[in-house]
Amino acid sequence: MSKQRDIILARLAAGSRPVSGDRLALELGISRAGVWKHIETLRRQGIRIEAVTGRGYVLCSEVLAASVLETRLKTRFVGRPCLVLDEVDSTNSEAMRLASEGAEEGLTVIAHRQTRGRGRLGRNWHTFADDGLAMSILLRPNLPPEHVSQLTLVAGVACHQALSNFAPGIRLKWPNDLLHNGRKLAGILTEMRAEPGHVQAVVIGIGVNVRAPANGWPADITQPATDLSSIAGKPVSRLETATRLLESLEAIYVDFLENGFAAVSEQWWQAHATSGKPVRVHDGGRYITGIADSLDADGALLLRTENGIERIIAGDLEIMT
Ligand code: BTN
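Values in this document were obtained by computation on a predicted structure and should not be read as measured data. (Residues numbered from 1 in each chain as written. Predicted model: local features only at pLDDT ≥ 70, side-chain atom pairs only at ≥ 80, totals over all residues. Heavy atoms only, no water.)

(A) Structural view of the nonpolar core. Among the nonpolar cores identified, the biggest contains 80 residues, and L12, L69, L133, M135, L151, L163 and L245 are the most heavily contacted of them. Those residues in contact with M135, other than ones at most four positions away along the chain, are T91, T108, V109, I110, I204, G205, I206, A242, L245 and L246. With ten residues, the next largest nonpolar core counts A103, L138, A201 and V203 among its residues. (Core = buried A, V, L, I, M, F, W, Y, C linked by side-chain atoms within 4.5 Å. Buried < 20%, exposed > 50% of the residue type's maximum accessible area, 1.4 Å probe, protein only. Contact = heavy atoms within 4.5 Å.)

Written out as structure tokens, the structure reads:
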């Protein structure tokens, strides 16, 4: 998108009042006809902009564009800068590539489509245009590598807080899922680059089902899925979802850095789905059954089994009904 069109879009997105063509022309140093041409181009791209007689232009549709998101966000560093790509292999891979080129903490990559979106344990994660939100945030915490798994739970609390603005009843499933009535709504994939004793970059990848795919859920998903719009009972915008997620992530992450993991862990436990229910964990070849007892100081799950407490650091958890 041209720089001038980007500025026009950001100005329209900044408020709900019409912005006059004269004002835009003055700000950009172009003619009113020039502004009108940009508006027409934006309309041809499918963006709804209405002209209110005598008052100016109003943005009437959701636009998940970097300039719009950066204007709306009330964050200090998360989402700054923000890249919104039409298509990429995986936003996590792209964020990691940019990290190795020296990108700073907070950089966020969003894509309308991922061709090789990844989930945990080598699974695919599908992102289709307009239905899902695929977003990766680069963090550079001063943490030992063994504490990075805590960040998945930090991101979980942030996602829970952000998505609960749209609908009640969302719960967390250890270590990285967000569920609604047992159906998967969102997932988190944390990846890091580290050298001994020192983390260079952490990428928090968040995938949210914002709307159900028009052609139904893909055949290879491993658990029943749901989407934010269905559970909210009204269409939810990806722009609003991304804004809430990035704002919550910054707040919870800063709290974690300043005050440690205990408070985050407490919030995570309040929002988890397995309270008191038997669970089965698939942990590298063996199944362990028990009741989720608590999280330890590293974010590992402590499972009460018939043989005592088992500490689970990775695995797939299934809630038994
Ligand atoms: C999971 O549930 O297993 C985690 C899913 C994480 C998907 C997100 S979408 C944005 C980011 N890019 C990826 O390739 N994966 C994550």
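Additional details are given in the paragraphs that follow.
(B) Just the packing of aromatic side chains, in detail. Overall, the coordinates contain three aromatic pairs when judged by the stated rule. Aromatic pair F256 and F261: ring centres 6.3 Å apart, planes at 90°, arrangement edge-to-face. One exposure class covers both F256 and F261, and it is buried. A cation sits over an aromatic face here: R280 above Y287, 4.2 Å from the ring centre. (Phe/Tyr/Trp six-rings, centres within 6.5 Å; stacked < 30°, edge-to-face > 60°. Lys NZ or Arg CZ within 6 Å of the ring centre and 35° of its normal.)

(C) View of the site of the ligand. Close to the ligand lie 21 residues, the nearest being S90, Q114, R118, R120 and K184. Within the side chain of S90, a nitrogen or oxygen atom sits 2.8 Å from an oxygen atom of the ligand. Residue Q114 places a side-chain N or O atom 2.9 Å away from a nitrogen atom belonging to the ligand. In isolation the ligand exposes 420 Å². Once the protein is present, 98% of that is buried. Elements with a contribution of two residues or more to the shell around the ligand: α5 (91-100), β5 (132-139), β8 (183-195) and β9 (198-209). Element by element, the count of residues in the shell around the ligand is highest for β8, at four residues. Among the residues making up the shell around the ligand, the classes are represented as six nonpolar, eleven polar and four charged. (Near = heavy atom within 4 Å. Polar contact = N/O pair within 3.5 Å; in protein donor to acceptor, adjacent residues only side chain to side chain. Areas by Shrake-Rupley, 256 points an atom, 1.4 Å probe, with all protein chains shown as cover. Helix = DSSP H or I, 4+ residues; strand = E, 2+ residues; numbered from the N terminus. Nonpolar A, V, L, I, M, F, W, Y, C, P; charged D, E, K, R; others polar.)

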